[in-house]
Structure formats: structure tokens, C-alpha cells
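Each chain is listed here by its residues.
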Amino acid sequence: MTEQHVLIVDDEPDIRELLEITLSRMGLRTSSAATLAEARQLLAGDPPQLCLTDMRLPDGNGIELVRHIQQGFPQLPVAMITAHGSIDAAIEALKTGAFDFISKPVDLEGLRRLVAQALQAPPEAAAGDPDGILGATTAIRTLRKQVDKLARSQAPVHIHGESGTGKEVVARQIHARGPRATGPFVAVNCGAIPAELMESEFFGHLKGAFTGASRDKPGLFELARGGTLFLDEVADLPLPMQVKLLRAIQEKAVRPVGGGGEIATDVRLLSATHKQLGNEVGAGRFREDLYFRINVIDLYVPALRERSEDLPLLARALLARIAESSGLPTPALTDDALAALGAHSFPGNVRELENMLERALALTEGDRIDASDLRLDQAPGIPGEAQYNRRRDDRSRLDAVGGDLTGYLEDIEREVLAAALERHHWNRTEAAGALGISFRSLRYRLKKLGLDPQ
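Residues numbered from 1 in each chain as written. Predicted model: local features only at pLDDT ≥ 70, side-chain atom pairs only at ≥ 80, totals over all residues. Heavy atoms only, no water.

Undergrad: An account of the pairing of strand β2 (residues 29-33) is needed here, citing residue identities and associated values.
TA: Across five bridges, strand β1 (residues 5-9) lies against β2 in parallel orientation. When the bridges of β2 are listed, Ile8 appears paired with Ser32. Handedness of the crossover is the feature at issue here: the chain leaves β1, passes through helix α1 (residues 13-24), returns alongside β2, and the resulting connection is right-handed. (Pairing = 2+ DSSP bridges. Helix = DSSP H or I, 4+ residues; strand = E, 2+ residues; numbered from the N terminus. Right-handed = clockwise from strand over helix to strand, strands pointing away.)

Printed below as a string of C-alpha cells:
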């Protein structure tokens, strides 16, 4: 195996020597330059696999070198060494295309981690990856190229687009295609965490830190160590938590609730929202300084109507995935069904399409899904006014939901199905008849809810 080569660019001999010794102990070959001109010569004669450059150089600055590398060596990762606290300079470097940054005085453990991640080969894309970004339109091809480029960086990325467009899918692909792919991917919906629990959820807590803290609990930053932390619906964070999150990002450290010391963090930060974050800043609901920290690179996910030509491919792929996860054969989508889908506006985007196909699969008896099976003319049932008022006032039921409506409803459905099966001695045909659903629908629901009696 060829020895990997790292170019060090810094005008301070002591720093160059420290980096050379550290990298040589990692089994890496190094070469050094004290100026931009020397760095350009070395790049032309013996291109490295990684470049570490100081921000301030005698004949220019590191940003110029980043631009030079982006133009002439686009596959070469370059990391910036900045003065302590120079977060604005680090952000500028990331925007220009730097892989990551490290502050002086250089933390050797952090340096070794950065170098290892930068030199790690990106994972090969799996052919026909069912969890990938599906589509053949120009918008989706552009999005895939952007994802591949951003995956090689450690810069914070803010993903925006309408609800249901697949922002988390994009975030997972950025993680999976980058050097942190073997680390954890931790996703959190910022709007689903009660305000009083946010600090504990993000930063963790120690036993006895507050009433009910019966044990130490790691926070999301710690759980995502070595991987990616994805903050979905980041615009829903309350302002006090935004301040604490900003500090954690800038200091690359968190302090658990009840703890006396800080814990260094090692995460790639991705965020998303369906709101226009710039408008939230203008309205005073989102801090401008946090906006600039998480929005180093902006990535837009197109709505389904903006790539309607992808609809047949998406529909077939989603249907196959839903059927496989339910243990059912995949029915065919007729031409009429595809035409009906093409005429639908899909305000809920890909998520609405997926839900529609899931419902059609559960209710269809045959091996084909026709336009009528999609029930595009039927709106979801809306409870009567009296029933709605009763439920609105039922605080105990809201408390039982506990911030997870989907899980709560699945628990109710699971209980009803189990009761029907028990009453009919696990005869699924009789149970389906008693519930007023088809045998296929019952089988699908049992698979989905993990209640298959076989």
C-alpha cells in the first residue's frame, strides 16, 4: 500500500515540526511549506492526499490556497489551522471548500481524528440503493452531485425544502457518503422535545442533577460522537436553547446538566427545516449568529411537483419497499394509476405519495393497484364537531400521547387487533371479517405492527 502524503503549510517552524512528528507517528509521509508560493510548487510536483494550512501566511492567506486547491485539485481535502476563537475565519474557510478546521493551540487528539477522517476513502455507492435519492430529473441529478461533494466536507449543512420532500433522506446520504459513515447517525426532531428537557436531551445529565435524574444520561452530542447529528425542524428551537446550541458549536464542547466540566464533541452537524430560516431570523424567532453557524452551506431539496417526471420511478420503488417490509408481494401499478398520480398535486410531497401507496397496498385484494385503489377523491375522515370538542378537552388523552401521536395510535391499533385475534382464536380470516377489513389488510397491519401470530 502506497504511503499517504500530507502537505503542511505554516510559516512557524515549531508548528511545522509538531505536525510532522504527529503525522509521522501515524505512519504518514509529510512535506512542508512556509509560504503560498512554496505550497503551490509542492502541489504541482508531488500532489498529497491531504493539505493542512495555516490561515496567515507571509505572502497571502490560507483561503487563497483553499481556492487554488478547489480549482486544480478538487478531490484533495484541505483543512485550515486558525487562531483560537477565530470562528469567522473558520466559517469562511468552510464556505470556500475546506474539509474542516482546527484551532491553535493544536489539540493533537483532535488533529489525529481530523486527519484520519480526511484520509478515509469514501464508501462506494451501492447500485440501486433503496434508501438513496431516487430520480433521474435534472434537479435530482444536481442534488446527488451536491450531496457527494458535501459528503467529503465536515462543514455544517442546512437542508431546506417543503414538508415531505425527503430532507432526512438527504442528510442520511451526506452521512453515508462521507468519512463518518461508520459512525452513528443521530436524528432529532427539535419540535418534539419539551422545552424543559432540551438541555438534558442535547447535552446529557448526571445522576441527581434534578428530580427524576436517577442515572447518568448521555446527550445527543455524545451519542453522535464520531458521526453525524441531524437537527430536524431546527427552526422550532426556543431562543434560550439556541444560545446554548450556538456555544456548543463554537466551543466544540458541551457541559452535561449537573456536571462541573465540559466534554469535547466530535460531530458533523446537519440541520433541516421546512420554514424559511432567513424569515425566522427577520422575525426575531431565530438567532442570526446561530443561523450563520448552521447555514455554512445551504442545500435545497426540490418539491415533488418540481420533478414530476420522477413520479413513476418513485412510486414503483416506494411500493416495492413497502411491500417487502410488510412481507407481501409487490403489486403492479396500472397505467391508469400512474396517470392519476401524475394528475395529483401532492402538497405533502414524497411522504404523501408513500402514505397513499401504503394505504393502497393494505386495501387492495389483487396483484394490481388501479386508479380507484388510490382513493384520490377521498379525504381522510374528519370527526364530528361534538366528538372533536370532547377529545379537545380530554387532557388525559393528550398526556398519554406524550409527544408521539403515531406511536400512541399504533398502540391502540395493536390492542384492537390482538383482541380480535384472541376472540376468534387466532383465525385471521374471521378476525378480519369482524374488523370489517380484508384478509390482506389484516395481514399487512399485523406485519407493520409486529403482531404476526405465525
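Undergrad: Could you give an account of the packing of helix α15 (residues 349-363) against helix α20 (residues 439-448), naming the residues involved and the relevant values?
TA: Helix-helix packing: each pair is described by the crossing angle between the helix axes and the interaxial distance. Where α15 meets α20, the closest approach of the two axes is 7 Å, and the angle between their N-to-C directions is 125 degrees. Classed by the angle they form, the pair α15 and α20 counts as oblique. Facing α15, whose interface residues are Glu358, Leu361, Ala362 and Leu363, α20 presents Arg440, Ser441, Tyr444 and Lys448. (Axes fitted to C-alpha atoms, helices over the stretch in contact; angles between N-to-C directions. Parallel < 35°, antiparallel > 145°, perpendicular 65-115°, else oblique. Contact = heavy atoms within 4.5 Å.)

Undergrad: Can you explain the packing of aromatic side chains? Please cite residues and give values.
TA: By the definition in use, this model includes four aromatic pairs. Over the ring of Phe101 we find Lys252, and its NZ or CZ is 4.1 Å from the ring centre. (Phe/Tyr/Trp six-rings, centres within 6.5 Å; stacked < 30°, edge-to-face > 60°. Lys NZ or Arg CZ within 6 Å of the ring centre and 35° of its normal.)

Undergrad: Describe the pairing of strand β6 (residues 78-82), listing the residues and the values that go with them.
TA: Most of β6 sits inside the fold, with five of its five residues counted as buried. Side chains of β6 alternate between two faces, with Val78, Met80 and Thr82 and Ala79 and Ile81 buried alike. Where strand β3 (residues 50-54) meets β6, four bridges bridge the pair, whose relative direction is parallel. What sits directly across from Asp54, in β6, is Ile81. Pairing between β6 and strand β7 (residues 100-103): four bridges, direction parallel. Within β7, the position partnered with Ile81 by the bridge is Ile102. (Buried < 20%, exposed > 50% of the residue type's maximum accessible area, 1.4 Å probe, protein only.)

Undergrad: Tell me about the packing of α1 against helix α5 (residues 108-119), and please be specific about residues and values.
TA: Running from amino to carboxyl end, α1 crosses α5 at an angle of 60 degrees, the nearest separation of the two axes being 11 Å. The angle between α1 and α5 falls in the class oblique. In this structure, α1 meets α5 at a crossing whose hand is right-handed. On α5, the residues that touch Leu18, Leu19, Thr22 and Leu23 of α1 are Leu108, Leu111, Arg112 and Val115. Across the contact of α1 with α5, the residue classes break down as six nonpolar, one polar and one charged. (Left-handed = near helix turned anticlockwise from the far one by under 90°. Nonpolar A, V, L, I, M, F, W, Y, C, P; charged D, E, K, R; others polar.)

Undergrad: Talk me through helix α4 (residues 87-96); I want residue IDs and the actual numbers.
TA: Three or more residues of α4 are buried, namely Ile87, Ala90, Ile91, Ala93, Leu94 and Thr96. The inward-facing, buried residues of α4 abut α3 (62-72), β6, β7, α10 (239-251), α12 (288-294) and β14 (297-300).

Undergrad: Any details on the sheet that holds β14? Residues and values, ideally.
TA: Taken together, five strands build an open sheet; the order of strands is β9-β10-β13-β8-β14 and the sheet is parallel. Among the strands making up the open sheet, the edge pair consists of β9 (185-189) and β14. Between one strand and the next, the sheet's axes are offset by a mean angle of 20 degrees, whatever the strand orientation. Across the sheet, helix α7 (residues 167-176) is in contact with β8 (157-160), β9, β10 (227-232), β13 (267-273) and β14; its angle to β8 comes to roughly 150 degrees.

Undergrad: A description of the sheet that holds β3 should follow, citing residues and the corresponding values.
TA: Here five strands make up an open sheet; going across it, the order is β2-β1-β3-β6-β7 and the pairing parallel. Single-partner strands in this sheet number two, and they are β2 and β7. Here the strands of the sheet are splayed against their neighbours by 20 degrees on average, with no regard to which way each runs. Together, β1 and β2 form the strand contacts of helix α2 (residues 36-45), whose direction differs from that of β2 by roughly 145 degrees.

Undergrad: Explain the pattern of salt bridges residue by residue, including any values.
TA: Scanning all chains against the criterion turns up 21 salt bridges. As a salt-bridge pair, Arg255 and Glu262 come within 4.0 Å of each other at their nearest N and O atoms. Accessibility expressed as a relative area gives 38% for Arg255, which makes it partly exposed. Judged by relative accessible area, which is 37%, Glu262 ranks as partly exposed. Salt bridges sharing common partners tie together Asp10, Glu12, Asp54 and Lys104. (Salt bridge = Lys/Arg side-chain N within 4 Å of Asp/Glu carboxyl O.)

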